[in-house]
Amino acid sequence: MTTVGKVITCKAAVAWEPGKPLCIEEVEVAPPKAHEVRIKVVATGVCHTDWEYLFETGKGMKFRPFPLVLGHEAAGIVESTGPEVTRFSPGDKVIPLFLPYCGECERCLSPKTNHCKKNWTNMQAGVLADGTSRISCKGQQVYQFLGVSSFSQYTVVPDTSVAKIRSDAPLDKVCLLGCGVSTGYGAAINAGKVEKDSSCAVFGLGAVGLAAVMGCKVAMARRIIGVDINPDKFEKARQFGATDCINPRDYSKPIQEVVVEKTGGGVDYALECVGSPAIMNAAFESTRDAWGTCIIAGWTETEVMSISVEKLLMGRTLKGTYFGGWKSVKDVPKLVDDYMNHKLKLDEFITEKLPLVQINKAFDLLKSGKSIRTVVSLQDS
């Protein structure tokens, strides 16, 4: 291929500073170095974490340096590979991942966790293994959000953060498995281990929450209560398996008291999919004493939640999950197979499709609550 080993000039949505709309710029994407893969990004989802980092950095999110290219939920095609890469070839369909899987460390070898730390610190800081980014614009280094940067037509990621998937998978659908759907679905299936005939409450009915509802349904929960302040999401939640939907604004008492009353003592499982400490506490207090389990899937990096110790001592379990507990590189191809075999919904999450030049509209739709997931096409711009 003529681009192998060369700098690629392409379009990307660059965040120059916090709180300002993204700018479509020409960027240069350097060739991959050792153990790196350069990917032609075909489609990317627009996740709330991208919006939150741009507009609320320093609040719920730790500060990361600007300028940067956001985006971390994507799918694409391998353009080229760097030295010592053995598992990928040009033309492979792949999903880049913000969570690595080296397959060799103590954590990767343990069934107890998916928290591989390979290149973790650097990726969180927006650079790759050598401490630099592969993206530049106007002579300036542009940082790679979570080591991915899928709001660029091309990106470079470590080979331990790429999942090779089947060649017939539609990239504009399976991109959602790079973050939101995997996180919510796994929160129910892996972290919660939701049981048949159990009762569940899912707090927040965005993409992560709807995926959690789907997970509870697959686990054959008897009752699945969706909780959200936006009633427009209730019909979609029912399509995914919710049996009841409730709006906290319809009640004068705390929502946890409402859930406890409606279920005769609380739910067996509560899944928090918002990232708000107050809602985390409400989810915890909506669980049944003696055996209730609360799973935190909503993302915040800096905030603190507070709970009643007595409610914990009465037998409840509180646990967190990252990327739904999936071992990223190893498990994402299996989730793609489940989608292709009609065992997992993806199409139903997608409410808008836009070209890269309209990326700011995708943020507007997300914040207004009018979309579940907007998929942005990188190669139509």
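Residues numbered from 1 in each chain as written. Predicted model: local features only at pLDDT ≥ 70, side-chain atom pairs only at ≥ 80, totals over all residues. Heavy atoms only, no water.

- In the nomenclature of an unreviewed UniProt entry, the protein chain corresponds to Alcohol dehydrogenase 6 from the organism Pundamilia nyererei.
- As stated in UniProt under Sequence similarities (unreviewed entry), the record for the protein chain gives "Belongs to the zinc-containing alcohol dehydrogenase family. Class-V subfamily."
- Reading the Function (unreviewed entry) entry of the UniProt record for the protein chain gives the comment "Alcohol dehydrogenase. Catalyzes the NAD-dependent oxidation of primary alcohols to the corresponding aldehydes. Oxidizes secondary alcohols to the corresponding ketones." (UniProt positions renumbered as here; feature names shortened; annotations may be inferred.)

1. Details of the nonpolar core
- Counting residues in hydrophobic clusters, the biggest one holds 112 residues, and the most contacted among them are Val-174 and Phe-349.
- Residue contributions to this core peak at 8 residues, all from helix H6 (residues 207-218).
- Both domains that furnish three or more residues to this core are identified here as domain 1 (72-181 + 325-344) and domain 2 (192-320).
- Those residues in contact with Val-174, other than ones at most four positions away along the chain, are Ala-75, Ile-95, Ile-165, Ala-169, Val-336, Tyr-339 and Leu-346.
- Counting 16 residues, the second largest nonpolar core, distinct from the first, contains Phe-203, Ala-270, Met-280 and Phe-284. (Core = buried A, V, L, I, M, F, W, Y, C linked by side-chain atoms within 4.5 Å. Buried < 20%, exposed > 50% of the residue type's maximum accessible area, 1.4 Å probe, protein only. Helix = DSSP H or I, 4+ residues; strand = E, 2+ residues; numbered from the N terminus. Domains from an automatic or database assignment. Contact = heavy atoms within 4.5 Å.)

2. Concerning empty space enclosed by the protein
- This model, assessed by the stated rule, comprises 1 cavity of 30 Å³ or more.
- Space inside the largest cavity adds up to approximately 30 Å³.
- In this structure, the largest cavity is lined by Arg-64, Pro-65, Leu-68, Met-123, Gln-124, Ala-125, Gly-126, Tyr-143, Gln-144, Phe-145 and Leu-146.
- Only helix H3 (120-124) and strand E8 (140-144) provide two or more residues apiece to the lining of the largest cavity.
- Split into classes, the residues belonging to the lining of the largest cavity amount to 7 nonpolar, 3 polar and 1 charged. (1 Å grid on protein atoms, 1.4 Å probe; cavity = no way out; pocket = protein on both sides within 12 Å on 5 of 7 lines; lining within 4 Å. Points joined across faces, edges and corners; volume = space filled by probe spheres on them. Nonpolar A, V, L, I, M, F, W, Y, C, P; charged D, E, K, R; others polar.)

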